[in-house]
Amino acid sequence: MNPTMETQTQAPNYPLPLDFDNVSTLPNSYVWSTTTLPSDDPCHCTINDRKASLPIIDIGDPSTYDLVRLACEKWGAFQVINHGVPLSLFHETEFQTRRLFSLPTEQKLLVARLPSKVVGYGSARIQAFYTELMWSEGFGMMGSPVEHARKLWPQDHAKFCEVMEQWQAEMKTLCNKIVGIMLGSLGLTHEDDMNWFQPQNGSDQTQCLFHLNSYPVCPDPDRAMGLAPHTDTSLITVVNQFNTGGLQVYQDGAGWVPVEPIEGALVVNVGDLMQIISNGKFKSVLHRALVNSTCHRLATAFFLMPSSNAEVSPLRKLVDSAHPPLYRPVTGREYFQLKTKFKQDNHCETRLSIYVIFLQNNPHSLPNSHLLIFHMNPTMETQTQAPNYPLPLDFDNVSTLPDSYAWSTTTLPSDDPCHCTINDRKASLPIIDIGDPSTYDLVRLACEKWGAFQVINHGPLRLAPSAHRA
Ligand SMILES: O=C(O)CCC(=O)C(=O)O
Ligand SMILES: [Fe+2]
């Protein structure tokens with residue numbers, strides 16, 4: 001998450017956003033098939049026969065604490081109104097955001113984001129995990145965007161920087177207030193166990209990332225995706241969809257629910273790290289952004305995170321013998337790496353990393369929602385159509401190794417040829433007679449050195465019934 005900016009010297013080998021102004025039909029690489037998204041069933045949008053909609057919470061309401069707790073438990077998100085951010089700043093932020101994305105593509109590429117970085121112009125960071133491309137572009141900043149803005153508008157960047165900094169300051173204040181309400185609604189105070197949340201020696205322990213998102217008018221919105229389903233790697237995220245719909249949240253039983261655009265409202269998402277510190281009481285929300293054929297949608301997302309070295313774990317006050325910790329301690333950095341690694345390895349859905357941390361503590365009781373979302377449900381389903389994952393070969397009917405089964409030695413980093421000697425003696429896995437008086441020592445040595453052994457004399461050899469008859 002190092003915000004260092006580097007100069008672009010050669011053509012990048014990761015996808016940059018399309019020159020959206022110059023395409024009139026959706027390129028094939030931007031077509032999303034419905035089967036690509038496992039939980040992409042049509043939105044039923046009703047719960048108990050009522051149209052489901054994300055709670056809208058007036059932050060000045062006396063029952064705010066209860067409403068926030070209920071919303072975070074059930075939805076992992078809510079809209080907030082009466083938050084104190086002036087409407088004029090919404091308009092200025094929208095104006096400056098539109099100004100940036102209206103620049104010609106070549107100019108935006110002057111501040112292209114490198115894949116390992118979070119600041120600058122580029123496609124969505126989750127793009128790396130999908131083969132289909134997303135119909136969107138973004139610009140990330142951490143604090144002042146002046147270094148980039150100077151390249152975009154050498155003479156005229158002051159207003160852009162001023163507005164972006166002002167918005168981030170408002171978001172930081174609002175996030176602190178909302179985190180306070182969330183944790184307060186669980187009976188916690190800032191003094192409880194939240195060292196990473198307290199400014200220490202005058203310096204702030206949290207860090208923030210601010211993202212501008214742009215979803216240009218799309219020639220074929222039903223087959224395109226603005227931002228694929230994901231959960232945020234944050235404590236909370238505050239999204240401003242500038243009064244243009246497109247954001248959807250997923251809820252078990254309801255499917256994808258559109259977040260109603262309301263002028264001046266902000267959407268608060270529970271992020272993965274909040275799920276961890278709340279010991280699973282609040283769930284991070286799966287969400288996505290769709291595109292449309294009539295207007296260029298803009299949005300901003302402000303991510304509040306602990307500093308990347310701070311260790312995050314279920315807060316002590318929320319853990320007791322009836323509520324054991326569901327997650328092990330993890331730093332923001334480690335969590336982010338885990339999430340990236342598991343997405344890269346498995347192309348799995350985005351909540352997998354929560355699942356992995358969960359597993360490491362508590363392998364036997366997975367929460368249903370995760371099983372559902374990751375399609376890890378062990379129920380066997382009848383196969384009705386050709387699967388889109390590889391099945392084993394019909395081994396009896398091949399006489400030469402197909403190319404697709406050939407493994408290069410470089411694929412496996414530690415796959416050097418077997419020397420099979422140790423101290424000039426041929427190495428071989430220990431064979432242990434389980435009745436031997438020194439079994440204990442032999443087993444210990446084998447487990448320490450090899451992590452494996454062969455066991456003999458383990459009990460009578462049972463013969464199959466046909467062998468008995470013989
Ligand atoms: O653009 C939006 O509406 C959603 C943004 C979002 O989810 C994100 O940037 O993580
Ligand atoms: Fe998000």
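The preceding data block contains the structure.
The sections below set out a description of the structure shown in this document. (Residues numbered from 1 in each chain as written. Chains lettered and ligands numbered in written order. Predicted model: local features only at pLDDT ≥ 70, side-chain atom pairs only at ≥ 80, totals over all residues. Heavy atoms only, no water.)

1. Observations concerning the site of ligand 1
To keep things clear, this is the line we draw: Residues are classed as near a molecule or strand on a simple rule: at least one heavy atom within 4 Å of it. By the criterion applied in these results, polar contacts are pairs of N or O atoms within 3.5 Å in which, for protein atoms, one can donate a hydrogen and the other can accept it, and in which residues neighboring in sequence qualify only through two side-chain atoms. Here a strand is any run of E in DSSP of at least two residues, a helix any run of H or I of at least four, and the numbering for each starts at the N terminus. Nonpolar residues are Ala, Val, Leu, Ile, Met, Phe, Trp, Tyr, Cys and Pro. Charged residues are Asp, Glu, Lys and Arg, and all others, Gly as well, are polar.
Neighbouring ligand 1 are Asn213, Tyr215, Leu227, His230, Asp232, Leu247, His287, Arg297, Ala299, Ala301 and Phe303. Here an oxygen atom of ligand 1 and a side-chain polar atom of Tyr215 are 2.5 Å apart. A distance of 3.0 Å separates an oxygen atom of ligand 1 from a polar atom in the side chain of His287. Taken together, the elements giving at least two residues each to the shell around ligand 1 come down to strand S7 (206-215), strand S8 (227-230) and strand S14 (297-306). A per-element tally of the shell around ligand 1 places S14 first, with 4 residues. Looking at the shell around ligand 1 residue by residue, the class counts come to 6 nonpolar, 3 polar and 2 charged.

2. Observations regarding the coordination of the iron ion (ligand 2)
Formally: The rule for donors is simple: N, O or S, within 2.8 Å of the metal, or within 3.2 Å if the metal is Na, K or Ca. Water isn't counted, so a site may look like it is missing partners. Any residue under 20% of the maximum accessible area for its type is buried, any over 50% is exposed, and the rest in between are partly exposed; the area is computed with a 1.4 Å probe on protein chains only.
The iron ion (ligand 2) binds to the protein through His230 (NE2), Asp232 (OD) and His287 (NE2); the donor distances cover 2.1 to 2.2 Å. All donors of the iron ion (ligand 2) come from a single chain, and their spacing in sequence reads H-x1-D-x54-H. One end of the pair, Asp232, is in the loop between S8 and strand S9 (236-240); the other, His287, is in strand S13 (residues 287-289), and 55 residues separate them in sequence. When sorted by exposure, Asp232 lands in the same class as His287, which is buried.

3. A closer look at a nonpolar patch on the surface
For clarity, the cut-off: Candidates for patches are residues over 30% relative accessible area with no salt bridge; among them, like charges are joined within 9 Å and nonpolar side chains (Val, Leu, Ile, Met, Phe, Trp, Tyr) within 5 Å. Per-residue accessibility takes into account occlusion by the displayed protein chains alone, with areas from the Shrake-Rupley method and a 1.4 Å probe. The term salt bridge refers to a pairing of a side-chain nitrogen on Lys or Arg with a carboxyl oxygen on Asp or Glu at a separation within 4 Å.
Taken together, the side chains of Phe395, Leu401 and Tyr405 make up a nonpolar region of the molecular surface, amounting to roughly 330 Å² of accessible area. Topologically, Tyr405 is positioned in the loop between helix H9 (368-374) and strand S17 (421-422).

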